[in-house]
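Understanding the architecture of this molecule
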Amino acid sequence: MKRHLTAREAGLMSCHVCGQLAHIPADRAALLRCPRCRAPMHLRKPASVSTTWALIIAAAVLFVPANLLPMMTTSSLLGRQQDTIMSGVVFLWQSGSWPLAAVVFFASIMVPLLKIIALAWLTVTVQRRSRRSVMQRTRLYRIVEFVGRWSMLDIYVITILVALVNFRGLATIEAGPAAIAFGAVVVLTMFAAMSFDPRLIWDPLTESGKPATHV
Amino acid sequence: MSDPTPPALPTAVVDPPRRFRIPLVWVIPIVAALIGLFLAGRTWYEQGPVVTLQFRTGAGLEPGKTRIKYKDVDVGQISTVRLAKDGSHVVATAQMAREAAPLLVEDTRFWVVSAKVSGSAVSGLDTLLSGTYVGMDAGKSSEARRDFVGLEDAPVVSLGVPGRSFALHADTLGSIDVGTPVYFRRIQAGQVTAFKLDDAGQHLDIQVFIKAPYDRFVTIDTRFWNASGIDLKLGAEGLQLNTESATAILAGGLAFETPPGGDTEAAPAGQDFRLFPTRAEALKQPSSNAQIWQLRFTETLRGLSVGAPVDFRGIQIGEVISISPDVDVDAADVGLQVDIAVFPERMQSRRDATQDMSEADFRAFVDRLIKRGLRAQLRNGNLVTGQLYVAMDFFPNAGTAKIDWAGQPPQLPTQRGSLDELQATLSRIAAKLDRLPLDDIAAETRRAIAGLASAVERTEALMQRLDGLASNEVRAAVAETQQTMAEARAAVADGRRLLASDAPLQQDLRDSLQELSRAAQSLRHLTDMLERNPEALLRGKPEEKP
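If you're wondering where the values come from, they're calculated on a predicted model, not measured in any experiment.

**Looking at the overall build of chain A**
Along its length, chain A carries seven helices and eight strands. When the 215 residues of chain A are sorted by exposure, 45% land in the buried category. At a minimum sequence separation of 6, the contacts of chain A that also span at least 24 residues come to 67%.

Below you can see the structure in the form of structure tokens.
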């Protein structure tokens, strides 16, 4: 792969907020500020790897209750029913709505899970300064970031149902504790994707063998 | 590598370095872990014990759906339903809530609740919509248990309801069923919880549960009776209609009451009682104190039934307990014997003089009563229905009678019935009238008058002889006497005419006597007919059958 000059190599850095380019001063340990908007300036997102790790771990922890606890409590004349995400998928599958079951399964179970795995893999490879399949990893990062918001499908459905179906005595739908956990998983993975700096994927290529200085 | 950067670019501003920054981002996974731990802990904490329930069938049991309810609160859920190894029943496992754990003890009961409609109650209608659920009734035992055998039917009374159970013994079930109400003064005080035939198949053991606070009105002396349906009774007392409530009419019911003066101490739980068929029977004096007497009647007992009252001048002192023919082979006679039970308590005098009487004193007392004319007699209690009852009364003119105390039971002397007596008396009068020698009397009278006439004639002849002899005065006197004699003769002729066998007076008298005889005969027919067909008084004479 053809190597291109990076901003760091050129002794330049850009402001995250206003995009102003500036020279990197000699004192690298100092806290840098944008000469235009006074926002803090960094060569790379600060503490990207550890932040991503923290968020991924949090998301992974919450993924467990999100799948085990009831997502939705349907109370009607016919009784009270609590559904987890998986029991909803099973119900849809058994009632013959296979496409819908597949959609819910992918959007609500596979996607968050794959996102967590993908982010963890990205972070691990960055930490290990891997030089392999850089292009694929960058693409994966793009997909992860794009897909993130779509995982909120379940939460949207529930919020709409809770608001719509509220016939006191006849039928009410309440969000279960898993809804909060699931929402937290989705938000945390989105933050994790945000906090991950994709430039780190490319850094090992530029600094052959040298540890990157994430200032 | 050349420097392509235009020199016009500013350099980043350098701030003094900040001291060590706590990586706040790590708070997030810690919080997430705490939440996760909290949720896991709570789930684990709420997870109650797993119990297995045996049911005869798995009807309505759905794994993961069917709930277990105690006091209408969810306490668990059926998690699996599978067939027992030998296929004889169904074993369901249920995940119970943690708060239900202390309720799962030795005598806790489970049953399947589904819609049930019976004559007296409609229950479980909510299950039509919500589906079957498993009902639970927490036991009182302190011994924990995890495997249970489900009941076939919902228990009528849950263990938590205060009250007491009693056992009733009855000959037939009648319209009693599990759940049949038990009334106390027409308030529903309890229910039938179970019934079963005893081992010999002779009696029924019926379990009833009386709710608090009514259970304390059940005492040792309390009587239970079957208050089912309408108790329509046609007896010597007339038409009687008794019923407990509309539900009891439709679906049956029991009732209880303590007779006045009975024990007021509440009976212990499980006490045995007899179930009487009717209220009247239940509230009668206990028959253990009854005295059995035998009566022997020669007249017809049509209209006398077992249970008919024995009455002393309007006070019921007993009842007829059996009626049977009594064949005396030696005398070639068939009498009818009626056994009566007399309750001496009802005859107690105000001073309770008879209460502590010894057996010998009592016999002497009864002997004195018999001497004074105490007799049993059949009387018509109801002219309309022809029901008879046994009356005890004094008949001072009755002949002498004695009680044979050796008899078992002793026999009381009887008196013919009042209607029967009247009939007998009338026929006796008619017979006597019949026997009067009216013809002889008439002949005698006629002979006497003839004698008188000849005497008069002779006197006349004497007078004529005297006529010649007597002076004028005497003649005048004789003439007067003659006139008197003529009048006397006329009178005699009148008398003879009167006494002639075809004289109107005699004819009239004979006619009247015949008429009276016929009347007596008709009266006999009437009483006969009335005795055979008492309803004729109401309906008229029955059609003669060809």
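Next comes the rest of the write-up.
**Thoughts on the interface of chain B and chain A**
Many structure descriptions define interface size as the accessible area lost when the parts assemble. On the side of chain A, 38 residues touch chain B, which itself brings 30 residues to the contact. Carbon and sulfur atoms make up 71% of the surface buried where chain B meets chain A, a total of about 2,700 Å² over both sides. Applying the counting criterion to the chain B and chain A interface returns zero salt bridges. At the boundary of chain B with chain A, the tally comes to zero residue pairs in polar contact (both at pLDDT 80 or more). Residue assignment for the side of chain B that touches chain A shows that the elements contributing at least two residues are β1 (13-15), α1 (27-46) and α2 (126-130) of chain B. Per-element accounting of the side of chain B that touches chain A gives the leading share, nine residues, to α1(B).

**So, the side chain of B:Thr222**
Residues and elements named next belong to chain B. By the element assignment, threonine 222 lies in the loop between β14 (204-211) and β15 (223-226). Among the polar contacts made by the side chain of threonine 222, one reaches the side chain of threonine 258 at a distance of 2.7 Å. Dropping the residues within four chain positions of it, threonine 222 is found in contact with Phe217, Phe256, Glu257, Thr258 and Phe273.

**Considering the confidence of the model for chain B**
Per-residue pLDDT for chain B has a mean of 80; in total, 86% of the residues score no lower than 70. The ipTM assigned to the predicted complex is 0.71, against a pTM of 0.48.

**Comments concerning the sheet that holds strand β10 (residues 147-149) of chain B**
All names here are of chain B. On the basis of which strands lie adjacent, the open sheet formed by seven strands has the order β6-β9-β3-β4-β5-β2-β10 and mixed pairing. Looking at the sheet topology across the chains shown, the edges are occupied by β6 (109-113) and β10. For this sheet, the mean angle separating the axes of adjacent strands, direction not counted, is 30°. Summarising the sheet, strand β2 (residues 47-55) and β10 pair through three bridges and their orientation is parallel.

**What to know about the pairing of strand β4 (residues 73-83) of chain B**
Residue and element names in this part refer to chain B. The sheet contact formed by strand β3 (residues 67-70) and β4 spans four bridges and is antiparallel. If you follow isoleucine 68 over to β4, its bridge partner there is glycine 76. In this antiparallel pair of consecutive strands, β3 and β4, the connection spans two residues, and lysine 71 shows a positive phi of 55°. In the sheet, β4 pairs with strand β5 (residues 90-97) via seven bridges, with the strands oriented antiparallel. Counterpart to isoleucine 78 in the pairing with β5 is alanine 94. The hairpin formed by β4 and β5 contains six residues between the paired strands, and glycine 87 there has a positive phi angle of roughly 75°.

**Describing helix α5 (residues 153-164) of chain A**
End to end, α5(A) covers 16 Å across 12 residues, agreeing with the expected 16 Å (1.5 Å per residue, within 8%). Packed against the buried residues of α5(A) are β5 (72-76), α2 (85-94), α3 (98-127), β8 (171-175) and α6 (177-195) of chain A.

**A word on the packing of helix α1 (residues 48-68) of chain A against α3(A)**
All names here are of chain A. Running from N to C, α1 and α3 cross one another at 155°; their axes reach a closest spacing of 10 Å. If you check the angle between α1 and α3, you find them roughly antiparallel. The way α1 lies across α3 gives a crossing that is left-handed. Only Ile109, Pro112, Leu113, Ile116, Leu119, Ala120, Thr123, Val124, Val126 and Gln127 of α3 make contact with α1, whose side of the interface consists of Val49, Thr52, Trp53, Ile56, Ala59, Ala60, Phe63 and Asn67.

**Some points on the state of the cysteines**
Throughout the structure, instances matching the rule amount to zero disulfides over all chains. Distance from the sulfur of A:Cys18, which forms no disulfide, to the nearest cysteine sulfur (A:Cys37) is 3.5 Å.

**Concerning the pairing of strand β9 (residues 133-137) of chain B**
All names here are of chain B. For β9, the buried fraction is high: five of the five residues fall into the buried class. In β9, alternate side chains face the same way, and those of Tyr133, Gly135 and Asp137 on one face and Val134 and Met136 on the other are all buried. Both β3 and β9 contribute to a ladder of two bridges, which runs parallel. Bridging across to β9, lysine 69 finds its partner in glycine 135. Pairing of β6 with β9 involves five bridges; the strand directions are antiparallel. Opposite tryptophan 111, over in β9, you have glycine 135 as the bridge partner.

**Focus: the environment of B:Ser322**
Residues and elements named next belong to chain B. Tracing the backbone shows serine 322 in strand β22 (residues 315-328). The partly exposed category is assigned to serine 322, whose relative accessible area is 24%. For the pair serine 322 and valine 338, spaced 16 residues apart in sequence, the C-alpha separation works out to 5.8 Å. Once residues within four sequence positions are removed from consideration, serine 322 is found in contact with Val306, Gln337, Val338 and Asp339.

**Regarding the confidence of the model for chain A**
Residue-level pLDDT values for chain A average 82, and 91% of them are 70 or greater. Confidence drops under a pLDDT of 50 for residues 209-215 of chain A, and excluding neighbours within four residues, the segment shows 15 contacts in the predicted structure.

Cut-off values and rules
- Residues numbered from 1 in each chain as written.
- Chains lettered and ligands numbered in written order.
- Predicted model: local features only at pLDDT ≥ 70, side-chain atom pairs only at ≥ 80, totals over all residues.
- Heavy atoms only, no water.
- Helix = DSSP H or I, 4+ residues; strand = E, 2+ residues; numbered from the N terminus.
- Buried < 20%, exposed > 50% of the residue type's maximum accessible area, 1.4 Å probe, protein only.
- Contact = heavy atoms within 4.5 Å.
- Buried area = accessible area lost by both parts, 1.4 Å probe.
- Salt bridge = Lys/Arg side-chain N within 4 Å of Asp/Glu carboxyl O.
- Polar contact = N/O pair within 3.5 Å; in protein donor to acceptor, adjacent residues only side chain to side chain.
- pLDDT = per-residue confidence, 0-100.
- Pairing = 2+ DSSP bridges.
- Axes fitted to C-alpha atoms, helices over the stretch in contact; angles between N-to-C directions.
- Expected span 1.5 Å × (residues − 1).
- Parallel < 35°, antiparallel > 145°, perpendicular 65-115°, else oblique.
- Left-handed = near helix turned anticlockwise from the far one by under 90°.
- Disulfide = S-S within 2.5 Å.

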